[in-house]
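# Remarks on the overall topology
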Amino acid sequence: MTEPAVSFAGVSRHFGTIRAVDGVDLEIAPGEFFAMLGPSGSGKTTCLRLIAGFDQPTDGSIRIFGEAVEGVPPYRRAVNTVFQDYALFPHMSVADNVAYGLMVRGVGKRARREKAEEMLSLVKLSGFGDRKPAQLSGGQRQRVALARALINAPKVVLLDEPLGALDLKLREEMQVELRTLHRQLGLTFVFVTHDQGEALSMADRVAVFNDGRIVQVGTPTEIYEQPRTRFVADFVGSSNVIEAALLSTLGVSARGAASLRPERIRICASVVEVPEGWLSLSATVADVLYQGAVRRVVTQLAGGGRIAVSDAAHGAVSVAPGAQAILAFEPAALHWLEQA
Amino acid sequence: MRTDKAGWPLKLAAGAGIAFLHLPLLFILAYAFSTEEKSYQWPLPGLTTKWFGVAWGRQDIWDALTLSVEIAAISTAIALVLGTLAAGGLARAKFFGRETLSLLIILPIALPGIVTGISLRTAFGAADIPFSVLTIVLGHATFCIVVVYNNAVARLRRTSPSLIEASMDLGADAFQTFRYVLLPTLGTALLAGGMLAFALSFDEVIVTTFTAGQQETLPIWMLTELIRPRQRPVTNVVAVFVILVTLLPILAAYYLTRDTAETAGSGK
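Keep in mind that what you see is a predicted model, and the values were worked out from it rather than measured.

We now examine the packing of aromatic side chains. This model, assessed by the stated rule, comprises 10 aromatic pairs over all chains. Between the aromatic rings of Trp56 of chain B and Trp62 of chain B, the centroid separation amounts to 5.0 Å while the plane-to-plane angle is 90°, which identifies the pairing as edge-to-face. According to the relative accessible area criterion, Trp56 of chain B is exposed, its value standing at 63%. By relative accessible area, Trp62 of chain B is classed as partly exposed at 32%. Taken together, a centroid distance of 6.4 Å and an interplanar angle of 80° make the contact between Phe124 of chain B and Phe131 of chain B edge-to-face. By relative accessible area, Phe124 of chain B is classed as buried at 6%. Phe131 of chain B gets classed as partly exposed once you look at its relative accessible area, which sits at 26%. Taken together, the aromatic side chains of Phe33, Phe189 and Phe191 of chain A make up a single cluster linked through ring pairs. A cation over a ring is seen here: Arg13 of chain A above Phe15 of chain A, with NZ or CZ 4.0 Å from the ring centre.

Laid out in structure tokens, this is it:
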């Protein structure tokens, strides 16, 4: 078996009584595009900083390509970071920013300039070398930060909320571009995000963080289709959690609570329309959110609790707030959650 | 109705305030050309430029000037090193007593010069340190450090902390990070702080009086000269010179920090 690119063994980082990272075990394969997903304060950024070397674990050990990095300063790790605020040096030109990693290693001026131009063309910014960072747009600065992180040919590239500061359109463009770049370079990318859509669409594998621990690691499909806990079900794709008590009224032998994805529910006009073998619930429509291709219907159950339904806006049974709706779903759509 | 323009009473009051502050400076300039040398007479009995020549030829002025420049330069140099180090240590680090320490550094500029002067004189006396150029420099450094420190701290607080991490991340060690990232970022702030410190030291009287031995800095020379009724306009010639020497660096400092105010923290 090949050595993992990054491995965490029982890694903790405590700040006083705050357990920012608490006993994390993790293996990231070489060449993988790995996402650390979680709400703010869940420990994902601290994990990234531990890999970069800006912070040291209070417990456990981290290995980068098999090499223990305990006490190794950031400038001696084959790891480079794209910072959330890009952290471009404001007093240097774009080319000097990109070439900084070579400059401090003593590479000659001409070689530096050439390599920087090469990296800039890689991120589609040829000819921007003489500008100052302040003269660039947010998206362009992001690319410069990326080019700067790649110039030292790191073994692992760390990206801290790389697309967080960009607007939606640019973000979607950059998602595609980052994936292309990742394939092209064959490097290990580790990125931190709080945006589940971003994690699911870009990463090969996702680790979901909560309260300093990893709740689940898996491919985007696994994370989405088989959330391990209530937290993952809710955080990734905002699933409905159906309690065991409600399930037993439907005649399902419940093994605890289950998650039910909004798009697996069909709204029927009446009980006779419920397909053979499907389960059904009656609920009151609370709100209908039209989102273009899809609509999101929020319904209120008589016994309390809400269920969200997501279906194609076109050709669906029309519903209005206040109306009664029959929610139908296959028993197989229920995914059992662990008690955690 | 709301208007962005100030009414005329406000304009008048503002104008009067500015005039009150700056018109006296014009008298200094005018008396430098007076033909009357025993007293200050208004209107001027006659105009002459001979005092500029006289001032140029007087060795005591040159001695005082050289001493003042020397002291201001050394004090500023000390302040630049210590003020930057203090700012670097206190800007981001969090430790018990940090606020107190910061206040203690700033205190000398808030204290009346006479308190600083007396306390330093007593301390030097107790420690048996003879009064010399060195004691004057130490006295001046106490408040010069504050100016440099304040400028550097303000700049550091506006600078994104990830700049330093980015530098380390890209392979720069602590020294390279200081040399290529921190120093250029602080550059104009230090220049501004240094110029202000120089100007402060150059025209200092009170602390100097208490920490000097036989040495006579330019401001002290002017003070003693006023008592002697001889070649009075020479003092004014020197005063005009001092105004220029202190005003120019302050103006330069103002423009330097103003231009970089928006861009200094634009790491984001």
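Additional details are given in the paragraphs that follow.
Another point: the domain arrangement of chain A. Residue and element names in this part refer to chain A. For chain A, the assigned domains read domain 1 (6–227) and domain 2 (240–336). Contacts between the two partners involve five residues from domain 1 and, on the opposite side, six residues from domain 2. For the domain 1 and domain 2 pair, buried surface summed over both sides reaches about 420 Å², with 40% attributable to carbon and sulfur atoms. Its largest share of buried area at the contact with domain 2, domain 1 owes to Tyr224, Glu225 and Pro227, together 89% of the area lost on that side. Viewed at the interface, domain 2 and domain 1 are joined by zero salt bridges. Linking domain 1 with domain 2 are three residue pairs in polar contact (both at pLDDT 80 or more). In terms of residue class, the side of domain 1 that touches domain 2 is built from three nonpolar, one polar and one charged.

Residues and elements named next belong to chain B. Together, Phe95, Leu101, Leu104, Leu107, Leu111, Ile114, Val115, Ile118 and Ile206 make up a nonpolar patch on the protein surface, roughly 730 Å² of accessible area in all. Among the elements of the structure, helix H4 (98–110) and helix H5 (113–126) are those that each provide at least two residues to the nonpolar patch. Here Ile206 is to be found in helix H9 (residues 206–211).

Reading the values: the criteria
Residues numbered from 1 in each chain as written. Chains lettered and ligands numbered in written order. Predicted model: local features only at pLDDT ≥ 70, side-chain atom pairs only at ≥ 80, totals over all residues. Heavy atoms only, no water. Phe/Tyr/Trp six-rings, centres within 6.5 Å; stacked < 30°, edge-to-face > 60°. Buried < 20%, exposed > 50% of the residue type's maximum accessible area, 1.4 Å probe, protein only. Lys NZ or Arg CZ within 6 Å of the ring centre and 35° of its normal. Domains from an automatic or database assignment. Contact = heavy atoms within 4.5 Å. Buried area = accessible area lost by both parts, 1.4 Å probe. Salt bridge = Lys/Arg side-chain N within 4 Å of Asp/Glu carboxyl O. Polar contact = N/O pair within 3.5 Å; in protein donor to acceptor, adjacent residues only side chain to side chain. Nonpolar A, V, L, I, M, F, W, Y, C, P; charged D, E, K, R; others polar. Patch = residues over 30% accessible without salt bridge, like charges linked within 9 Å, V, L, I, M, F, W, Y side chains within 5 Å. Areas by Shrake-Rupley, 256 points an atom, 1.4 Å probe, with all protein chains shown as cover. Helix = DSSP H or I, 4+ residues; strand = E, 2+ residues; numbered from the N terminus.

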